[in-house]
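An overview of the molecular structure
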Amino acid sequence: MTELIYDADADLSLIQGKKVAIVGYGSQGHAHAQNLRDSGVEVVIALKDGSKSIAKAQEDGFEVKNVADATAWADLIMILAPDQHQRSIYNDSIKPNLTPGKTLAFAHGFNIRFGYIEAPEGVDVILVAPKAPGHTVRREYVAGRGIPDIVAVEKDASGHAWETAFSYAKAIGGTRAGVIKTTFTEETETDLFGEQAVLCGGVSQLVQYGFETLTEAGYQPQIAYFEVLHELKLIVDLMWEGGIAKQRWSVSDTAEYGDYVSGPRVIDERVKENMKAVLGDIQSGAFATRFIEDQDNGAVEFQALREKAAQHPIEATGRDLRALFAWKQQDADYVEGSAAR
């Protein structure tokens, strides 16, 4: 049975006794930094000179150092920059200042798993990964709750890396909900698979195909949008609350029966075989190589795919419909119709 680590199992004083540098101040960066600070931890934000995030971090009351100075200062360095940028940041500014006794931390194991970053001897390498976007990590912490974390240790040079990881997780609110032990390999491979096969790639493609099927059959695009995209949140919320069983319990008998007889016609054994192929590319490193090589080449393929996806008819339909909703909820961090991050 999986062991869960809660507040009583973690010693907050361990991380309170360390100086922490948060590399990056985006979605996860701002949440980790603010939660740590509220838990009594000394935190500095590490950013490249000229970074757009400097002003935001300073507005939020943090001292900002360049990455090299922050790494030299800190006992624990948490890298929360995008996967494709971590290698260059590490090589240029972190590695030269990463002395024995320090801890190198990640919230995603990509660069360690695929060998893009190799820590020197004498340094602990840990992972603390909240299972939610950073804004949710922060919101739940402020509300007195927490987001489940998964934690791992790749290198335990000090003999206390696990205790440090649990303490860090407690400081960002993870042990309030429960923390599960994993490995860098398991976290990376399952995370990439979940994103690609189900949560992002699988769901997005299923929704687009559903929209195309209805509109090509002559149904109104607005009605198709409601049926295959808008209502998806209601179904996912039910799954989140009580699993697939609660979702099936909550919908009509007609919907539940259709689930059983038609679901396997759409998502059949061929889909599972394709999923296995996706997992194989992740495990072999083929996906990582394709992604990093494209990023190193200016993200040509990435940008082309993003632009193509933005042109799908469901996007224009949704944009027009959402503008009419009396109860429209706008995320201030998202500029609709734009690929800006």
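Per an unreviewed UniProt entry, the protein chain goes by the name Ketol-acid reductoisomerase (NADP(+)) and belongs to Microbacterium mitrae. Annotation of the protein chain in UniProt includes, under Sequence similarities (unreviewed entry), the sentence "Belongs to the ketol-acid reductoisomerase family."

**Quick look at a nonpolar patch on the surface**
A cluster of nonpolar residues, L4, Y6 and I180, forms a patch on the protein surface that exposes about 230 Å² of accessible area. Here L4 lies in strand 1 (residues 4-5). Overall, L4 belongs to the partly exposed group, its relative accessible area being 35%.

**Considerations on the domain arrangement of the protein chain**
Under the domain assignment used here, the protein chain contains domain 1 (4-182) and domain 2 (195-324). Each of domain 1 and domain 2 was reduced to a C-alpha centroid, and the two centroids are 32 Å apart. Of the residues lining the interface, seven residues belong to domain 1; the matching set on domain 2 comes to nine residues. The contact between domain 1 and domain 2 buries some 690 Å² in all, and 62% of this surface belongs to carbon and sulfur atoms. When the area that domain 1 buries against domain 2 is broken down by residue, the three leading residues are Q84, F110 and F114, summing to 57%. Inspection of the domain 1/domain 2 interface yields one salt bridge.

**What to know about the sheet that holds strand 9 (residues 179-181)**
One key point about sheets: their strands pair by backbone hydrogen bonds, in either a parallel or an antiparallel sense. Pairing within the open sheet is mixed, and its nine strands lie in the order 1-9-8-7-6-5-2-3-4. Of all strands in the sheet, those with a lone pairing partner are strand 1 and strand 4 (63-65), marking the two edges. Across five bridges, strand 2 (residues 19-23) lies against strand 3 (residues 42-46) in parallel orientation. The residue bridging A21 from the neighbouring strand is V44, located in strand 3. Packing of helix 10 (residues 184-199) onto the sheet brings it into contact with strand 6 (103-106), strand 7 (124-130) and strand 8 (149-155), and relative to strand 7 it is tilted by some 35°.

**So, helix 18 (residues 313-322)**
Side chains three or four residues apart in an α-helix point the same way, a direct result of the helix having 3.6 residues per turn. Regarding helix 18, the residues found buried are I314, T317, G318 and L321. The buried residues of helix 18 occupy an angular sector of 95° when the element is viewed end-on, so they sit on one face. On its buried side, helix 18 packs onto helix 11 (201-216) and helix 12 (221-230).

**A word on the packing of aromatic side chains**
Throughout the structure, instances matching the rule amount to nine aromatic pairs. Here F110 and F114 contribute two aromatic rings whose centre-to-centre distance is 5.2 Å and whose plane-to-plane angle is 65°, an arrangement assigned as edge-to-face. Centre to centre, the rings of W162 and F166 are 5.8 Å apart; their planes meet at 35°, and the pair counts as tilted. Placement of the pair is W162 and F166 together in helix 8 (residues 161-171), with a separation of four residues, close to one helical turn. What makes W162 partly exposed here is its relative accessible area of 24%. Overall, F166 belongs to the buried group, its relative accessible area being 11%. What links up through ring pairs into an aromatic cluster is the set F110, F114, Y116, F287 and F291. Sitting over the ring of F62, R37 keeps its end group 3.9 Å from the ring centre. When the ring centre of W162 is taken as origin, the NZ or CZ atom of K181, which lies over that ring, is 4.9 Å away.

**A closer look at the UniProt feature "active site" (unreviewed entry) in the protein chain**
The sites that carry the UniProt feature "active site" (unreviewed entry) are, in the present numbering, H108. Tracing the backbone through its elements, the reader meets H108 in the loop between strand 6 and helix 6 (110-113). Residue class for H108 comes out buried when judged on its relative accessible area of 13%. Residues within four places of H108 in sequence aside, it is in contact with D83, L127, E187, T188, D191 and L192.

**Let's talk about the nonpolar core**
In this structure, I22, L36, I45, V128 and Y168 are the most contacted members of the largest nonpolar core, which totals 31 residues. Put simply, the parts of the chain that give this core at least two residues each are strand 2, helix 2 (27-38), strand 3, strand 5 (76-79), strand 7, strand 8 and helix 8. Those residues in contact with L36 that lie beyond four places of it in its chain are I15, V20, I22, V41, V43, Y168, A171 and I172. With 27 residues, the next largest nonpolar core counts A74, L127, A129 and F184 among its residues.

**Thoughts on the pairing of strand 2**
Burial of strand 2 is extensive: four of the five residues sit out of reach of the surface. You can see the chain leave strand 2, run along helix 2 and come back into strand 3, and the turn it takes is right-handed. Relative to strand 5, strand 2 runs parallel, the two sharing four bridges. Within strand 5, the position partnered with V20 by the bridge is L76.

Reading the values: rules and limits
Residues numbered from 1 in each chain as written. Predicted model: local features only at pLDDT ≥ 70, side-chain atom pairs only at ≥ 80, totals over all residues. Heavy atoms only, no water. UniProt positions renumbered as here; feature names shortened; annotations may be inferred. Patch = residues over 30% accessible without salt bridge, like charges linked within 9 Å, V, L, I, M, F, W, Y side chains within 5 Å. Areas by Shrake-Rupley, 256 points an atom, 1.4 Å probe, with all protein chains shown as cover. Salt bridge = Lys/Arg side-chain N within 4 Å of Asp/Glu carboxyl O. Helix = DSSP H or I, 4+ residues; strand = E, 2+ residues; numbered from the N terminus. Buried < 20%, exposed > 50% of the residue type's maximum accessible area, 1.4 Å probe, protein only. Domains from an automatic or database assignment. Contact = heavy atoms within 4.5 Å. Buried area = accessible area lost by both parts, 1.4 Å probe. Pairing = 2+ DSSP bridges. Axes fitted to C-alpha atoms, helices over the stretch in contact; angles between N-to-C directions. Arc of directions from axis to C-beta. Phe/Tyr/Trp six-rings, centres within 6.5 Å; stacked < 30°, edge-to-face > 60°. Lys NZ or Arg CZ within 6 Å of the ring centre and 35° of its normal. Core = buried A, V, L, I, M, F, W, Y, C linked by side-chain atoms within 4.5 Å. Right-handed = clockwise from strand over helix to strand, strands pointing away.

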